[in-house]
Amino acid sequence: MIRTLRRPPTPLLLSAAIPMTHEQQHVRVEFDALKSLLLQIFLKHGTSQTVADILAANCAGCERDGAISHGIFRIPGYLASLDTGWVDGKAEPEISVVSPSFIRIDARNGFAQPALAVAADAIDAAVEATGIAVVATRNSHHFSALWPDVEPFARRGLMAITFVNGLANVVPHGGRAPVYGTNPIAFATPVSGADPLVVDQATSVMANGEVRLHALANRSLPEGTGVDRNGIPSTDPHAVLAGGALNTFGGYKGSSIALMVELMAGALTGGQLSFENDFGDCLGAQTPKAGQLLIVIDPERGGNNDFARRVSVLCDRLIEAGQERLPGARRYENRRQSTLLGIPVSDGKLLELENLAGN
Ligand code: NDP
């Protein structure tokens, strides 16, 4: 059934016989209801209204899209970071426009998404004036998927690429000790007549959240995912999480891409490198204090005013050539179903959230 939380169930939507694409759950919750529950939780744990609003929409959006490793599963980690004082839930980011296209943000130890939101007008002005905005955020905590940071630009006809570093939990190729974060990259571009093409991936073999989901389910990791605390290859998610580390994807080539992300997000921005994170007395905190680089480009400045159609030609060719699906297609399908039927959430998880919100 669809739970609207505070509104009666909507039986009309129950009869739809569309198969679910992610794990079968017990209850379905409307996006606005889930967002409002999460908002209350963030507010209760000391964030400002603006921060609560942005994080709640982001987290509910991940759950809606089936980006489960960055949905409500992350709430305890957010709260541990807030409760220990590791992150400032009321931080007011400082924006400096240092050249017509280069924007610096000091997130002042707050979350990354509200910092980017504060820079929205400056980004638009830079893209309008110069065709490109380079946004370097430091002292920020990014604990979510990256697609919400880039997809909205592509919906407005722009290209966007972003890089984030994090906590050292990835060994460089051939190494035994963690140096890099799982250092994700996301890229979004408009596609004529379709949803934007969005690629969003860690540069580790697997995102850390996925390893934690494997650990919760006591499920082995695929060979080659990571190492234990002694640098010995391991398929045990508990060993990888308890002092072990992940491998970068794609051997030495992926390792070099992780290096590039580390420098773009952690150094160019004036932020910390992943291995410089130190939780100190903030025991249990989970969000990485790191950096983020975002580049937004107006593709029409490339001289091709039919850019989005060119992207669509390439996408069609990929499918004709036998590629199973486009990146982002799974998420969009989950979004479509969740919008129609409600977001699937287990009864137990919903109860936990309601308790956290004090309902
Ligand atoms: P996945 O390996 O699940 O997916 C990576 C990308 O490949 C997605 O765009 C996905 O699209 C696409 N894809 C997957 N399978 C196929 C296929 N068969 N054909 C074509 N495309 C495909 O992601 P990761 O595990 O690497 O990362 C998961 C999330 O973790 C990301 O959202 C990332 O931003 C986040 N993350 C965040 C970090 C942070 O510090 N904040 C750190 C590391 C990761 P689709 O989404 O539609 O499946």
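Computed from a predicted model, the values in this text were never measured in an experiment. (Residues numbered from 1 in each chain as written. Predicted model: local features only at pLDDT ≥ 70, side-chain atom pairs only at ≥ 80, totals over all residues. Heavy atoms only, no water.)

**A short note on the overall build of the protein chain**
Each helix and strand counted, the protein chain has 12 helices and 14 strands in total. In terms of C-alpha radius of gyration, the protein chain reaches 20 Å, essentially the compact-globule figure of 21 Å for 359 residues. Looking at the protein chain as a whole, 48% of its 359 residues are labelled buried. About 16200 Å² of surface is accessible on the protein chain, with carbon and sulfur atoms providing 55% of the total. The average position of the 30 basic charges and that of the 36 acidic charges among the side chains of the protein chain differ by 1 Å. (Helix = DSSP H or I, 4+ residues; strand = E, 2+ residues; numbered from the N terminus. Rg over C-alpha atoms; globule rule 2.2 N^0.38 Å. Buried < 20%, exposed > 50% of the residue type's maximum accessible area, 1.4 Å probe, protein only. Areas by Shrake-Rupley, 256 points an atom, 1.4 Å probe, with all protein chains shown as cover. Lys, Arg positive; Asp, Glu negative; His and termini not counted. Charge placed at Lys NZ, Arg CZ, Asp CG, Glu CD.)

**Some points on the site of the ligand**
Lining the immediate environment of the ligand, one finds 22 residues, of which His70, Ser144, Asp200, Ala202 and Arg330 sit closest. Here an oxygen atom of the ligand sits 3.4 Å away from a polar atom, N or O, in the main chain of Ala329. Within the side chain of Arg330, one N or O atom sits 2.7 Å away from an oxygen atom of the ligand. For the ligand, the accessible surface in isolation is 930 Å², of which the surrounding protein chains cover 77%. Contributing elements (two or more residues each) for the shell around the ligand: β9 (194-201) and α11 (329-341). Here the shell around the ligand is composed, by residue class, of 10 nonpolar, 7 polar and 5 charged. (Near = heavy atom within 4 Å. Polar contact = N/O pair within 3.5 Å; in protein donor to acceptor, adjacent residues only side chain to side chain. Nonpolar A, V, L, I, M, F, W, Y, C, P; charged D, E, K, R; others polar.)

**Comments concerning the packing of aromatic side chains**
Applying the stated criterion across every chain, the model contains 4 aromatic pairs. On the numbers, 5.3 Å between centres and 90 degrees between planes, the contact of Phe42 with Tyr78 is edge-to-face. Of this pair, Phe42 sits in helix α1 (residues 31-44) while Tyr78 is found in helix α3 (residues 75-83), placing the two residues 36 residues apart along the sequence. This pair shows no difference in class: Phe42 is buried, exactly as Tyr78 is. Taken together through their ring pairs, the aromatic side chains of Phe42, Tyr78, Phe111 and Phe143 make up a single cluster. (Phe/Tyr/Trp six-rings, centres within 6.5 Å; stacked < 30°, edge-to-face > 60°.)

**Examining α3**
With respect to burial, α3 is a largely interior element, 7 of its 9 residues being buried. Among the residues of α3, Ile75, Gly77, Tyr78, Leu79, Ala80, Ser81 and Leu82 are the ones counted as buried. Against α1, α2 (49-64), β4 (102-111) and α12 (347-357) lie the buried residues of α3. A positive backbone phi angle near 80 degrees is found at Gly85, which sits one or two residues after α3. (Contact = heavy atoms within 4.5 Å.)

**Concerning the sheet that holds strand β10 (residues 226-227)**
Hydrogen bonding along the main chain pairs the strands of a sheet, whether they run parallel or antiparallel. If you trace the 4 strands from one edge of the open sheet to the other, you get β7-β12-β10-β11, paired in mixed fashion. Two strands in the sheet have a free side with no partner beyond their single neighbour: β7 (170-171) and β11 (233-234). Of the pairings in the sheet, the one linking β10 to strand β12 (residues 245-247) comprises 2 bridges and is antiparallel in character. Residue Gly226 lies in a different strand from β12, and its bridge partner there is Leu246. (Pairing = 2+ DSSP bridges.)

**A few points about helix α6 (residues 147-155)**
Considered for burial, the residues of α6 that qualify are Trp147, Asp149, Val150, Glu151, Phe153 and Ala154. Two residues or fewer after α6 comes Gly157, characterised by a positive phi angle close to 85 degrees.

**A closer look at the pattern of salt bridges**
Opposite charge on two side chains permits them to pair, given that their charged atoms come into close proximity. This structure, assessed with the given rule, holds 15 salt bridges. Among the ionic pairs, Asp53 bridges to Lys35, the shortest N-O distance being 3.4 Å. Here Asp53, found in helix α2, pairs with Lys35, found in helix α1; they are 18 residues apart in sequence, far enough to count as distant. Using a relative accessible area of 33% as the deciding quantity, one classes Asp53 as partly exposed. When the shortest N-O distance is used, the salt bridge between Arg138 and Asp106 registers 3.8 Å. Placement of Arg138 in strand β5 (residues 132-141) and of Asp106 in strand β4 is noted, with a sequence separation of 32 residues between them. Relative accessible area serves as the criterion here: at 14%, Asp106 is assigned to the buried category. Three or more residues are tied together by salt bridges with common partners; here these are Arg64, Asp65, Glu151, Arg155, Asp195, Arg331 and Arg335. (Salt bridge = Lys/Arg side-chain N within 4 Å of Asp/Glu carboxyl O.)

**As for the nonpolar core**
Grouped together as the largest cluster of nonpolar side chains are 29 residues, with contacts concentrated most on Ile103, Ile123, Ala133, Val135, Leu294 and Val296. Of all elements in the fold, only β4, α4 (112-118), α5 (120-130), β5, α6, β6 (159-164), β8 (185-191) and β13 (289-297) reach the threshold of two or more residues within this core. Setting aside chain neighbours within four positions, we find Ala133 in contact with Ser101, Ile103, Ile123, Ala126, Val127, Leu294, Ile295 and Val296. Ile343, Val345, Leu353 and Ala357 belong to the second largest nonpolar core, which has 28 residues in total. (Core = buried A, V, L, I, M, F, W, Y, C linked by side-chain atoms within 4.5 Å.)

**A word on the packing of α1 against α2**
For any two helices packed against each other, the geometry is given by the interaxial angle and the distance between the axes. At a closest axis distance of 8 Å, the pairing of α1 and α2 adopts a crossing angle of 135 degrees. One element, α1, and the other, α2, form an angle in the oblique class. Here α1 and α2 pass one another in a crossing that is right-handed. When α1 is examined against α2, the residues Phe31, Leu34, Lys35, Leu38, Leu39, Phe42 and Leu43 are found in contact with a partner set consisting of Gln49, Ala52, Asp53, Leu55, Ala56, Ala57, Cys59, Ala60, Gly61, Glu63 and Arg64. Taken together, the residues of the contact of α1 with α2 break down into 12 nonpolar, 2 polar and 4 charged. (Axes fitted to C-alpha atoms, helices over the stretch in contact; angles between N-to-C directions. Parallel < 35°, antiparallel > 145°, perpendicular 65-115°, else oblique. Left-handed = near helix turned anticlockwise from the far one by under 90°.)

**A short note on the confidence of the model for the protein chain**
Chain-level statistics for the protein chain give a pLDDT mean of 93 and a share of 93% at 70 or above. Counted against residues more than four places away or in other chains, residues 6-23, with its pLDDT under 50, gives 32 contacts. (pLDDT = per-residue confidence, 0-100.)

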